Amino acid sequence: MPDRIIFHADCNNFFASCECLERPELKDVPMAVAGDPENRVGVVVAKNELAKKYGVKTTDTVYAARKKCPGIVFVPPRHRYYGEISRRVNAIYCEYTEYVEPASIDESYLDVTQALPFYGMAPEALADELRRRIRQEIGITISVGVSFCKIFAKMGSDYKKPDATTVVTRENYRDLLWPLPVSDLLFAGHAAVKKLNGKGIRTIGDLARARPEAMRGILGKQGDMLWRYANGIDDAPVALFGAHREIKSVSRGRTFPRDLTAPQEIHTAIVYLTDEVARNLRRHRLKGEVVSVQIRRPDMTDISRQTTLDHPTYLQHEIQQTAMELIEAHWRAGDPIRAITVGVGKLVDAEAATEQLTLFDLMGQGASRQKRERLEAAVEDLRKKYGDGSVTLGIQENADIGLRRRK
Ligand SMILES: [Mg+2]
């Protein structure tokens, strides 16, 4: 099994960054978000880079923070507003993969293993693209850790910030992470660190090189776990976005290296995007009834259009046709396009939907669709056997606009 590619994306100074979005003047002064700022015992929950320079820390009281930094501006927290920004950030992540697992309001894990070949980019370049998009489209910055497991991805996003990408590989993790104090290891709490330090274990490397039995002796089960984490032994999966809810739609989006204007290029882009959407629907055994297209203009404004089919589908062919119809009906030919997202929503279980198809059959409409389903299933089988490049849906590779078929 080749290694997974996991991102941990962490919004920098999240609450403070959100406040600065609405009140840009706050960017130029030391500021902190603090519960009950009128009250001296209110506590700092976030601060901007300027306040950080004065030594202001999260959990400082308002009183202590003002002592360190007399000019500091306090604002009260607005959690609903932060939740809204968080939702928009995760929506961008979800354009790249359904495996987006929010770990808190400002951090998410992404598993991009399956999505990456579609973008034809190195993992680091995709992480950089995410950072750029969040910066440009939301207006805040994120740090991204890239690694083969969640733990190291998380430590990667902490390694350098703000607005940085850190790649932790099987080759470099010893050099990068092992010199760090053991307290930097995820889940190494205050008490555990104290016990480890007492046994002369000061760095993550000390812990990793120790015998696992010895660690168990010091910390019990937790010792085992920390030893595994220090060695990058962590196969915890990244959950599907909304796994605790329900997947509401499957979509794929692409921002092009240059604006598209030619009908042929738009067609090519739609084939690529709908191919990915169809494959993901099939992978999750889902069909959907609503096809949507979102087009972004060079000035970053969007138009969104959707239409409801008379039956749920996961057929690439049908999604492509519907998406093209939407574009032809609602987009003036020749107007430049910066980005396109295609989605399928109102999802249902694929098997249940197929049963309904037989009813169509009786009316003579379903036969060709069933044929098409068998055809696309056969295409998927060929790709599994001979690689993704083996079947190309009759379009040319178009690296110029950032579309390259999987190898
Ligand atoms: Mg954060």
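In this text the structure is predicted, and so the values were computed from the model without any measurement. (Residues numbered from 1 in each chain as written. Predicted model: local features only at pLDDT ≥ 70, side-chain atom pairs only at ≥ 80, totals over all residues. Heavy atoms only, no water.)

A. Seen up close, the overall build of the protein. Across its full length, the protein carries 16 helices and 12 strands. Buried residues in the protein amount to 51% of all 407 residues. For the protein, the proportion of contacts with a sequence separation of at least 24, taken over those separated by at least 6, is 64%. Here the protein has roughly 19800 Å² of accessible surface; of this, 52% comes from carbon and sulfur atoms. (Helix = DSSP H or I, 4+ residues; strand = E, 2+ residues; numbered from the N terminus. Buried < 20%, exposed > 50% of the residue type's maximum accessible area, 1.4 Å probe, protein only. Contact = heavy atoms within 4.5 Å. Areas by Shrake-Rupley, 256 points an atom, 1.4 Å probe, with all protein chains shown as cover.)

B. Summary view of the sheet that holds strand 12 (residues 337-349). Strand order across the open sheet formed by four strands is 9-12-10-11, with antiparallel pairing between neighbours. This sheet does not close on itself; its edge strands, each paired only once, are strand 9 (249-260) and strand 11 (302-313). Pairs of neighbouring strands in the sheet enclose a mean axial angle of 15 degrees, with direction left out of account. Alignment of strand 9 against strand 12, held across eight bridges, turns out to be antiparallel. Within strand 12, the residue paired with Ser-251 across the bridge is Gly-343. Each of strand 9, strand 10 (286-296), strand 11 and strand 12 touches helix 13 (residues 263-283); the most contacted strand, strand 9, lies at about 155 degrees to it. (Pairing = 2+ DSSP bridges. Axes fitted to C-alpha atoms, helices over the stretch in contact; angles between N-to-C directions.)

C. Examining the environment of Ile-92 more closely. Note on placement: Ile-92 falls in helix 4 (residues 79-94). Taking C-alpha positions, Ile-92 is 8.0 Å from Leu-130, a pair spaced 38 residues apart along the chain. Discounting residues that sit within four places of it in the chain, Ile-92 has contacts with Leu-130, Arg-133, Ile-134, Glu-137 and Ile-138.

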